[in-house]
Amino acid sequence: SMQIMNTVQAACGSQVVLQKMSIDEMYVDMTAAVEAEFRAAGGVPHGWTFAGAVLDKDGAIDKAAQPEIQQTHADALLLIGSVLVDRVRRTVHEKLSMTCSAGIAHNRVVAKIIASYCKPNGQCSCPESAVSGTMKGLELRKVPGLGGKLGRQL
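Residues numbered from 1 in each chain as written. Predicted model: local features only at pLDDT ≥ 70, side-chain atom pairs only at ≥ 80, totals over all residues. Heavy atoms only, no water.

S.K.: Tell me about the nonpolar core, residues and numbers included.
M.R.: In this structure, Val-8, Cys-12, Val-16, Met-30, Val-34 and Leu-84 are the most contacted members of the largest nonpolar core, which totals 23 residues. Taken together, the elements giving at least two residues each to this core come down to α1 (2-12), α2 (31-41), α3 (73-96) and β5 (102-104). Take this core: its biggest share by element is 10 residues, from α3. In this structure, Cys-12 is in contact with Met-30 and Val-88, ignoring residues within four places of it in sequence. Of all hydrophobic cores here, the second largest spans 8 residues; its members include Val-110, Ile-114, Cys-118 and Ala-130. (Core = buried A, V, L, I, M, F, W, Y, C linked by side-chain atoms within 4.5 Å. Buried < 20%, exposed > 50% of the residue type's maximum accessible area, 1.4 Å probe, protein only. Helix = DSSP H or I, 4+ residues; strand = E, 2+ residues; numbered from the N terminus. Contact = heavy atoms within 4.5 Å.)

S.K.: If you had to explain helix α4 (residues 108-115) to someone new, which residues and values would you point to?
M.R.: Residues of α4 that are buried: Val-110, Ala-111, Ile-113, Ile-114 and Ala-115. At its buried positions, α4 is contacted by β3 (53-55), β5, β6 (123-125) and α5 (131-135).

S.K.: I'd love a proper account of the packing of α2 against α3, names of residues and values included.
M.R.: Contact pair α2 / α3: the axes reach a minimum separation of 9 Å and the direction vectors enclose 105°. In terms of their interaxial angle, α2 and α3 are classed as roughly perpendicular. Residues Ala-33, Val-34, Glu-35, Glu-37 and Phe-38 of α2 form the contact with α3, whose participating residues are His-73, Ala-76, Leu-77, Ile-80, Gly-81 and Leu-84. Partitioning the contact of α2 with α3 into residue classes produces 7 nonpolar, 2 polar and 2 charged. (Axes fitted to C-alpha atoms, helices over the stretch in contact; angles between N-to-C directions. Parallel < 35°, antiparallel > 145°, perpendicular 65-115°, else oblique. Nonpolar A, V, L, I, M, F, W, Y, C, P; charged D, E, K, R; others polar.)

S.K.: Explain the environment of Pro-120 residue by residue, including any values.
M.R.: In this fold, Pro-120 is placed in the loop between α4 and β6. On the basis of relative accessible area, Pro-120 is assigned to the exposed category, the value being 69%. Taking C-alpha positions, Pro-120 is 7.6 Å from Thr-99, a pair spaced 21 residues apart along the chain.

S.K.: Account for unusual backbone geometry, with residues named and values stated.
M.R.: Cis geometry marks the peptide bond from Lys-119 to Pro-120; its omega dihedral reads -10°. The phi angle at Ser-97 is positive, at roughly 55°, despite the residue not being glycine. Mapping Ser-97 onto the fold places it in the loop between α3 and β5. Positive phi is not limited to glycine here, since Asn-121 has a value of about 55°. Of note, Asn-121 is situated in the loop between α4 and β6.

S.K.: Can you explain the sheet that holds strand β4 (residues 61-62)? Please cite residues and give values.
M.R.: The 4 strands lie next to each other as β4-β3-β6-β5, forming an open sheet whose pairing is mixed. Because the sheet does not close on itself, it has two edges, and the strands there are β4 and β5. Sheet analysis places β3 next to β6, joined by 2 bridges and oriented parallel. The residue bridging Val-54 from the neighbouring strand is Ser-125, located in β6. (Pairing = 2+ DSSP bridges.)

Shown next, in the form of structure tokens:
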């Protein structure tokens, strides 16, 4: 677990914030690294597309298509984040021979929910336009913090 955290930190540099959640789970806030990449390139670097799966407006996985979602600044940053996360996952695999899955979203609740969509060893991004479709119909107990007894009561 510490090996993975150290590898992720080394791959990302000091611009990320790591928060260990359990023995095999962590949140990685890459906002500063993503914004630095955006500023350095003057936008989304030429030729970059989403890495991994992307959810469509209905919250369904669309592995083949590159949806037209770069219309907002936030989703341009999300695209950059997906590429950076893919690099980190590859680095973990190369250095430690371990795989990891990731959810990339504008907040960690959605990221946690969608991380399971592409297990094992995959990643999934949720653009702003897909949040409503992703959350609609989701069982409450799937929302972090609402599982177990509380989720059953709700």
